[in-house]
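# Commentary on secondary and tertiary structure
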Amino acid sequence: MTATLFIVATPIGNLADMSFRAVEVLKSVDIIAAEDTRHSAKLLQHYHISTPCIPYHDHSDENQTRRIIEKLREDLSVALISDAGTPLISDPGYKLVLAAREAGFTVQPVPGACALIAALSAAGLPTDRFAFYGFPPAKTAARKAFFEELSAFSHSLVFYESPHRVQESLLAMREVFGGQRRAVLAREISKTFETFLSGDLQTLCEALESDANQSRGEFVLMLEGASEQASEAFSAETLRILTALLEELSVKQAASLAAKITGEKKNKLYKWALELQAE
Ligand code: SAM
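Residues numbered from 1 in each chain as written. Predicted model: local features only at pLDDT ≥ 70, side-chain atom pairs only at ≥ 80, totals over all residues. Heavy atoms only, no water.

## Regarding the overall build of the chain
Along the backbone of the chain there are 12 helices and 10 strands. Each principal axis of the C-alpha atoms in the chain carries an extent, and together these give about 70 × 40 × 30 Å. Classification of the 279 residues of the chain by burial places 46% in the buried group. Pairs at least 24 apart in sequence give 69% of the contacts found in the chain among residues at least 6 apart. For the chain, the exposed surface amounts to about 14,300 Å²; the carbon and sulfur share of it is 52%. Across the chain, the 28 positively charged side chains and the 36 negatively charged ones have centroids separated by 4 Å. (Helix = DSSP H or I, 4+ residues; strand = E, 2+ residues; numbered from the N terminus. Buried < 20%, exposed > 50% of the residue type's maximum accessible area, 1.4 Å probe, protein only. Contact = heavy atoms within 4.5 Å. Areas by Shrake-Rupley, 256 points an atom, 1.4 Å probe, with all protein chains shown as cover. Lys, Arg positive; Asp, Glu negative; His and termini not counted. Charge placed at Lys NZ, Arg CZ, Asp CG, Glu CD.)

## Some remarks on the packing of aromatic side chains
One pass over the full model with this rule turns up 8 aromatic pairs. With centroids separated by 5.8 Å and ring planes inclined at 65°, the aromatic side chains of Phe135 and Tyr160 adopt a geometry described as edge-to-face. Here the residue Phe135 occupies a position in the loop between strand S6 (130-132) and helix H6 (140-150), and Tyr160 occupies one in strand S7 (residues 156-161), the gap between them amounting to 25 residues. Taken together, a centroid distance of 5.6 Å and an interplanar angle of 45° make the contact between Phe146 and Phe147 tilted. (Phe/Tyr/Trp six-rings, centres within 6.5 Å; stacked < 30°, edge-to-face > 60°.)

## Thoughts on the site of the ligand
Not every one of the 18 residues close to the ligand is listed here, only the nearest: Thr86, Asp91, Ala115, Tyr160 and Phe219. Here Ala115 contributes a backbone N or O atom positioned 2.8 Å from an oxygen atom of the ligand. Residue Glu218 places a side-chain N or O atom 3.3 Å away from a nitrogen atom belonging to the ligand. In a pocket analysis with a 2 Å cut-off to the grid points, the ligand is assigned to the largest pocket. Broken down by secondary-structure element, the contributors of at least two residues to the shell around the ligand are S7 and strand S10 (219-223). Looking at side-chain class alone, the shell around the ligand contains 10 nonpolar, 3 polar and 5 charged residues. Summarising the domain contributions, the shell around the ligand has at least three residues from each of domain 1 (4-113) and domain 2 (116-228). (Near = heavy atom within 4 Å. Polar contact = N/O pair within 3.5 Å; in protein donor to acceptor, adjacent residues only side chain to side chain. 1 Å grid on protein atoms, 1.4 Å probe; cavity = no way out; pocket = protein on both sides within 12 Å on 5 of 7 lines; lining within 4 Å. Sits in = over half its atoms within 2 Å of the grid points. Nonpolar A, V, L, I, M, F, W, Y, C, P; charged D, E, K, R; others polar. Domains from an automatic or database assignment.)

## Quick word on the nonpolar core
With 20 residues, the main nonpolar core has Phe159, Leu170, Met173, Phe177, Leu185 and Leu223 as its most contacted residues. At the level of secondary structure, the elements contributing two or more residues to this core comprise H6, S7, helix H7 (166-177), strand S8 (182-187), helix H8 (201-210) and S10. The element best represented in this core is H7, accounting for 6 residues. With residues near it in sequence (within four places) discarded, Phe159 still touches Tyr133, Gly134, Pro136, Phe146, Phe147, Leu150, Met173, Phe219, Val220, Leu221 and Leu223. (Core = buried A, V, L, I, M, F, W, Y, C linked by side-chain atoms within 4.5 Å.)

## A closer look at the domain arrangement of the chain
One can read the domain layout of the chain as domain 1 (4-113), domain 2 (116-228) and domain 3 (233-278). With centres defined by C-alpha atoms, the gap from domain 1 to domain 2 works out at 29 Å. With 6 residues of domain 1 at the interface, the matching set in domain 2 holds 10 residues. Taken together, the two surfaces of domain 1 and domain 2 that pack against each other cover about 470 Å², and 63% of this comes from carbon and sulfur. Counting the contacts that link domain 1 with domain 2 gives 0 salt bridges. Here domain 1 and domain 2 share 1 residue pair in polar contact (both at pLDDT 80 or more) between them. (Buried area = accessible area lost by both parts, 1.4 Å probe. Salt bridge = Lys/Arg side-chain N within 4 Å of Asp/Glu carboxyl O.)

## What about helix H5 (residues 115-123)?
Two residues of an α-helix separated by three or four positions point the same way, owing to the 3.6 residues in each turn. Along H5, the residues classified as buried are Ala115, Leu116, Ala119, Leu120 and Ala123. Down the axis of H5, the buried set is contained in an arc of 120°. They therefore lie on one face. Those residues of H5 that are buried are in contact with S6, S7, S8, strand S9 (195-200) and S10. Positive backbone phi, at 80°, marks Gly124, one or two positions downstream of H5. (Arc of directions from axis to C-beta.)

## A short note on the packing of H7 against H8
Contact geometry for H7 and H8: axes closest at 9 Å, N-to-C directions at 155°. When the axes of H7 and H8 are compared, the pair comes out roughly antiparallel. Viewed along their axes, H7 and H8 form a crossing whose handedness is left-handed. Of the residues in H8, those in contact with Val166, Gln167, Leu170, Leu171, Met173, Arg174 and Phe177 of H7 are Leu201, Gln202, Leu204, Cys205, Leu208 and Glu209. A class-by-class count of the residues in the contact of H7 with H8 yields 9 nonpolar, 2 polar and 2 charged. (Axes fitted to C-alpha atoms, helices over the stretch in contact; angles between N-to-C directions. Parallel < 35°, antiparallel > 145°, perpendicular 65-115°, else oblique. Left-handed = near helix turned anticlockwise from the far one by under 90°.)

## Observations concerning the sheet that holds strand S2 (residues 31-34)
Read from one edge of the open sheet, 5 strands run S3-S2-S4-S1-S5, paired in parallel fashion. In the strand order of this sheet, the two ends are held by strand S3 (53-55) and strand S5 (106-110), each with one partner. Sheet twist, expressed as the average angle between the axes of neighbouring strands with direction ignored, equals 25°. Sheet contacts for helix H3 (residues 62-73): strand S1 (4-8), S2, S3 and strand S4 (78-81); angle to S4, the most-contacted strand, approximately 145°. (Pairing = 2+ DSSP bridges.)

The following block contains the structure:
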């Protein structure tokens with residue numbers, strides 16, 4: 001088993017972000033498996049790469065995976081690329097990598113651009129602990145439930161979002177996480193209109209409402225985690241209830257009512273409500 005499957009990262013906008021090694025590997029392998037062969041043609045032409053291309057997509061029938069494993073068995077080396085960035089990161093490749101590993105082939109990454117890492121590296125949010133959640137669900141109720149599950153986590157939260165849904169997602173986040181949660185919206189990284197909008201969720205919602213251009217392009221949406229004290233002390237549901245009550249009532253009334261609803265201690269809720277207001 002000598003043939004290798006290379007997982008090659010490609011640029012997320014700026015063609016110059018292609019690594020020397022990525023070009024070398026794509027020139028030297030026998031076959032390139034691409035998410036969309038027509039889309040990748042531009043990049044391959046730019047770097048004078050004439051290696052034959054075949055399509056690969058996780059959603060298509062299993063024959064595609066089998067065909068590529070067969071190529072590896074014939075001792076042909078294969079490189080997998082996606083439309084942009086690192087394959088398998090909200091992109092096809094998982095089934096192929098698993099099948100290649102199970103069949104005993106070497107799978108080697110060729111690291112490079114990845115939108116979530118590029119966004120986090122320049123956002124000014126804590127990066128010691130973070131989690132990536134891909135694209136939030138498209139339907140309103142599912143999206144809200146999805147955010148509610150994350151609301152008490154203390155690590156930074158990272159999402160991908162499309163231009164059609166970025167505004168809806170921000171509004172849903174404001175509802176669940178509260179308008180004061182710190183957030184950064186990274187748009188069009190490495191492209192002409194690269195923008196990092198940072199502030200709290202309230203500010204970001206207003207920015208998108210007042211300027212339609214801010215909803216154009218590709219996005220990474222990042223949130224700071226909940227404060228440690230809050231996430232250690234209370235469940236996501238308790239946090240949600242207290243945050244909602246605080247929007248309508250005084251700290252004392254909100255803590256008292258939240259205690260009745262949740263069964264938590266009133267003084268603990270009161271202390272946390274004070275902190276929330278001070279943020
Ligand atoms: N595999 C890619 C990676 O490594 O980042 C991600 C592919 S996923 C299908 C595409 C999503 O990534 C976009 O909808 C957007 O959320 C994010 N993305 C890709 N390129 C971006 C860019 N230049 N600026 C901001 N976000 C980007």
